[in-house]
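Breakdown of the fold
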Amino acid sequence: MRSIAFINQKGGVGKTTSTANVGACLATLGKKVLLIDLDPQANMSMHLGINVNGKDLSIYQLICGKKKVTEILTKTAISGLDMIPSDIDLASAEIELVNTVGRETIVKFYLDELLDKYDYVLIDCPPSLGLLTLNALTIVNEIFIPVQTEFFALQGVSKLLQTFDVIKKRLNSSLEITGIIPCMYDSRTKLGTAVLDKIKEYFEDKVFATTIRKNVKLSEAPSHGMPIITYAPDSNGTQDYMALTKEIIAQEKNTIKGVKVKQKAEIREHAFN
Ligand SMILES: Nc1ncnc2c1ncn2[C@@H]1O[C@H](COP(=O)(O)OP(=O)(O)OP(=O)(O)O)[C@@H](O)[C@H]1O
Ligand SMILES: [Mg+2]
């Protein structure tokens, strides 16, 4: 079983789009996949046509002890793709759990038995390095960082790497950063190619060879409650996420190695200043 958190505290970089679509592509290729929506915005749940708002059936009810995991586990329209959905109530969890012993591992505690039933567990994180993201980092062994190939792409990356370092030392020694996903790439602009070069300079071979191009179908698919492979099977978006997914599967042939974080953290953060 591989467990991967898609994290970047920067908002709107492609975390949800990547988690949902990689999950759908993996399931289409015959893998058994569990998606966990750890973002109170519940974008991934809605992206895949699941809206549990007002139904008390989200991960929030699980971590409050009000519902069992079997009650909130939801099937998506794609065979082999299951979801632990989120709703806006999860926003209060960070505050409510503040004085709870073991608050960084509470989600793992409630989901542990379920995880082994899947080939892949993918977690969509909120755009912060708060308690929900920390919970994701105690569940998974791997981190993928989606980065938008825009001007501020690497801003905040040092902070992200520091957080990773602390979690690895204190809470989860098996955690590694195993993939950087360049998202919303526009090869027609000089900025797009320059930023992609910087990202590769910074993260070297951890950057996936597949870049996810800007594609309007990718931004339309969530409002139809479908992943890109169902909504627009012939689009560039489907082509890119399928290529990325095959690359992710191919990682398993090699020993998956993490980024050398200490060295990387020393690299100047504002690479474009
Ligand atoms: N390759 C792409 N081409 C065009 N639009 C995209 C692409 N990837 C993502 N988008 C759109 O950009 C917006 C932000 O993407 P997404 O929701 O995946 O980012 P996020 O990092 O999860 O955001 P947040 O930090 O708010 O959770 C969404 O409207 C999404 O549909
Ligand atoms: Mg998101």
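Our next topic: the side chain of Gln-61. Position of Gln-61 relative to the elements: it lies in helix H3 (residues 59-63). Aside from chain neighbours lying at most four places away, what touches Gln-61 is Asp-56, Lys-66, Lys-67, Asp-87 and Asp-89.

Taken together, the neighbourhood of ligand 1 is formed by 18 residues, with Lys-15, Thr-16, Thr-17, Arg-213 and Asn-215 sitting nearest. Lys-15 places a side-chain nitrogen or oxygen 2.8 Å from an oxygen atom of ligand 1. The contact in question runs from a nitrogen atom of ligand 1 to an N or O atom on the backbone of Asn-215, over 2.9 Å. Contact with the protein chains removes 80% of the 630 Å² of surface that ligand 1 exposes when unbound. Elements that contribute at least two residues to the shell around ligand 1 include exactly helix H1 (15-28) and helix H10 (216-220). Of all the elements, H1 adds the most residues to the shell around ligand 1, at three residues.

Further remarks concern the packing of H1 against helix H12 (residues 236-250). Closest axis-to-axis distance for the H1/H12 pair is 9 Å, and the angle between their directions is 70°. Taken together, H1 and H12 sit at an angle that is classed as roughly perpendicular. Residues Thr-17, Ser-18, Asn-21, Val-22, Cys-25, Leu-26 and Thr-28 of H1 form the contact with H12, whose own contacting residues are Tyr-241, Met-242, Leu-244, Thr-245, Ile-248 and Ile-249. Class assignment for the residues of the contact of H1 with H12 results in eight nonpolar, five polar and no charged.

Criteria and cut-off values
Residues numbered from 1 in each chain as written. Chains lettered and ligands numbered in written order. Predicted model: local features only at pLDDT ≥ 70, side-chain atom pairs only at ≥ 80, totals over all residues. Heavy atoms only, no water. Helix = DSSP H or I, 4+ residues; strand = E, 2+ residues; numbered from the N terminus. Contact = heavy atoms within 4.5 Å. Near = heavy atom within 4 Å. Polar contact = N/O pair within 3.5 Å; in protein donor to acceptor, adjacent residues only side chain to side chain. Areas by Shrake-Rupley, 256 points an atom, 1.4 Å probe, with all protein chains shown as cover. Axes fitted to C-alpha atoms, helices over the stretch in contact; angles between N-to-C directions. Parallel < 35°, antiparallel > 145°, perpendicular 65-115°, else oblique. Nonpolar A, V, L, I, M, F, W, Y, C, P; charged D, E, K, R; others polar.

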